There are 2 protein chains.
Amino acid sequence: MPEFFDVVLGQRAYRRLKPDPVPDELVRRVLEAATHAPSAENHQPWEFVVVRDPAIRGAIGDLTRGLWDAAGREHSRGLPPRFFAAVDEWATGGLAAAPVHVVVCGDTTRCPEAQLASSIFPAVQNLLLASLAVGLGSLMSTLPVVNRDAFAPLLGLPAHVVPMALVPLGFPDRPLGPAGRDPVEAHLHLDRW
Amino acid sequence: MPEFFDVVLGQRAYRRLKPDPVPDELVRRVLEAATHAPSAENHQPWEFVVVRDPAIRGAIGDLTRGLWDAAGREHSRGLPPRFFAAVDEWATGGLAAAPVHVVVCGDTTRCPEAQLASSIFPAVQNLLLASLAVGLGSLMSTLPVVNRDAFAPLLGLPAHVVPMALVPLGFPDRPLGPAGRDPVEAHLHLDRW
């Protein structure tokens, strides 16, 4: 069992994943972790669509590549070159190749849409951390779901269900080192701004 | 060092906190965990205001109680009675009494406001989990910051900084048992809705 701070301080976005299948037991375990996140009034508005079907993953990949080609690539030109290249590779093929796509949705019958974010993204973070804890690689992307009208038909989502994020899962191609982060002091204020 | 899944599966909202001071070292540790969350293009748009000043905590408490009295209490009437009573006690005094308030903000110069949520709430979740891991109690509330124009002056926040959530920290009054959650299967869909 990994230690808490090893997982949290070691979190990275894994864009290159092996095509090997991910055991159901691991997927269930990371989803259980997701459902232990807090939500407004404990309404638990999350819904998870676990996509393994290659045709659907391909369609999600195609939609994402189209969004990347149309605007994302230009928007992200300012990234450091290696970071940009990794994202470009992911958006144009890596995503579709990930063996599992977990689509995290919010149910607006259990939480008003304007308040979904604070009840959904903590669950996504649990999902990401738990994936790393069981040896999987993952990342969160909102690009595939940014055009809700284009995305919803791919999974047959009803109108009251909002796709909020996509988390690809798979075994990492290779382990990554620690993340680059600013020191805490660069973002810290005492008592007042 | 606690194990990862013990912390994640044991998360609860701690509303009753002891007035005892929280060591700086613990606050720094939980903030470091927060900064290891993912953010869009690693822009790290989070800013943390750590409030210990009793006058400012009192003002935050007053603002929150006012929002609760004006609308929150009525909105939450449908909660189970014990849950409602705990929230009512918290909103009308418990919050102000917590020895530390961590106000988590988003910097719109580093991330467009419409995209802040997916880059801020994962950091809040890390902050909550890390608090539990070091023996503190915490919870996330968006109620104190829902009226941004009323909240910002309390901390002197500039216009480009959006208060997103408040996390009170303190040592728990007593330990809480496991959280009540639906089974994963109640929120799970395979390949399509």
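See above for the structure.
Residues numbered from 1 in each chain as written. Chains lettered and ligands numbered in written order. Predicted model: local features only at pLDDT ≥ 70, side-chain atom pairs only at ≥ 80, totals over all residues.

1. What about the environment of Leu176 of chain A?
Residue and element names in this part refer to chain A.
Line of reasoning, step 1. Locating Leu176 in the fold gives a position in the loop between strand 4 (161–170) and strand 5 (188–190).
Line of reasoning, step 2. With 163 residues separating them in the primary sequence, Leu176 and Ala13 have C-alpha atoms 8.8 Å apart.
Line of reasoning, step 3. In this structure, Leu176 is in contact with Arg12 and Tyr14, ignoring residues within four places of it in sequence. (Helix = DSSP H or I, 4+ residues; strand = E, 2+ residues; numbered from the N terminus. Contact = placed C-beta atoms within 7 Å.)

2. Quick notes on the environment of Asp53 of chain A
Residue and element names in this part refer to chain A.
Line of reasoning, step 1. By the element assignment, Asp53 lies in the loop between strand 1 (46–51) and helix 3 (54–75).
Line of reasoning, step 2. Residue Asp53 is classed as exposed on the basis of its 12 C-beta neighbours within 10 Å.
Line of reasoning, step 3. In the structure, Asp53 is positioned 124 residues away from Gly177 in sequence and 31 Å away in space, judged by C-alpha atoms. (Buried ≥ 20, exposed ≤ 12 C-beta atoms within 10 Å, placed from the backbone.)

3. Concerning the interface of chain A and chain B
Line of reasoning, step 1. On the chain B side, the residues contacting the 61 residues of chain A number 61 residues.
Line of reasoning, step 2. Every element with two or more residues in the side of chain A that touches chain B is listed here: helix 1 (4–9), helix 2 (24–34), strand 1, helix 5 (116–133), strand 4 and strand 5 of chain A.
Line of reasoning, step 3. Broken down by element, the residue count for the side of chain A that touches chain B peaks at ten residues, all from helix 5 of chain A.
Line of reasoning, step 4. For the side of chain A that touches chain B, the class distribution of residues is 38 nonpolar, twelve polar and eleven charged.
Line of reasoning, step 5. With three bridges connecting them, strand 5 of chain A and strand 1 (residues 46–51) of chain B associate as parallel partners. Bridge pairing in strand 1 of chain B links His189 of chain A to Val49 of chain B. (Nonpolar A, V, L, I, M, F, W, Y, C, P; charged D, E, K, R; others polar. Pairing = 2+ DSSP bridges.)

4. Points about the pairing of strand 2 (residues 100–107) of chain A
Residues and elements named next belong to chain A.
Line of reasoning, step 1. Counting buried residues along strand 2, eight of its eight residues qualify, which places the element largely inside the surrounding structure.
Line of reasoning, step 2. Of the two faces of strand 2, the one lined by Val100, Val102, Val104 and Gly106 and the one lined by His101, Val103, Cys105 and Asp107 are each fully buried.
Line of reasoning, step 3. As paired strands, strand 1 and strand 2 are joined by six bridges and run antiparallel to one another. Opposite Phe48, over in strand 2, you have Val104 as the bridge partner.
Line of reasoning, step 4. In this structure, strand 2 lies alongside strand 4, joined through eight bridges in antiparallel fashion. By the bridge assignment, Val103 is partnered in strand 4 with Leu166.

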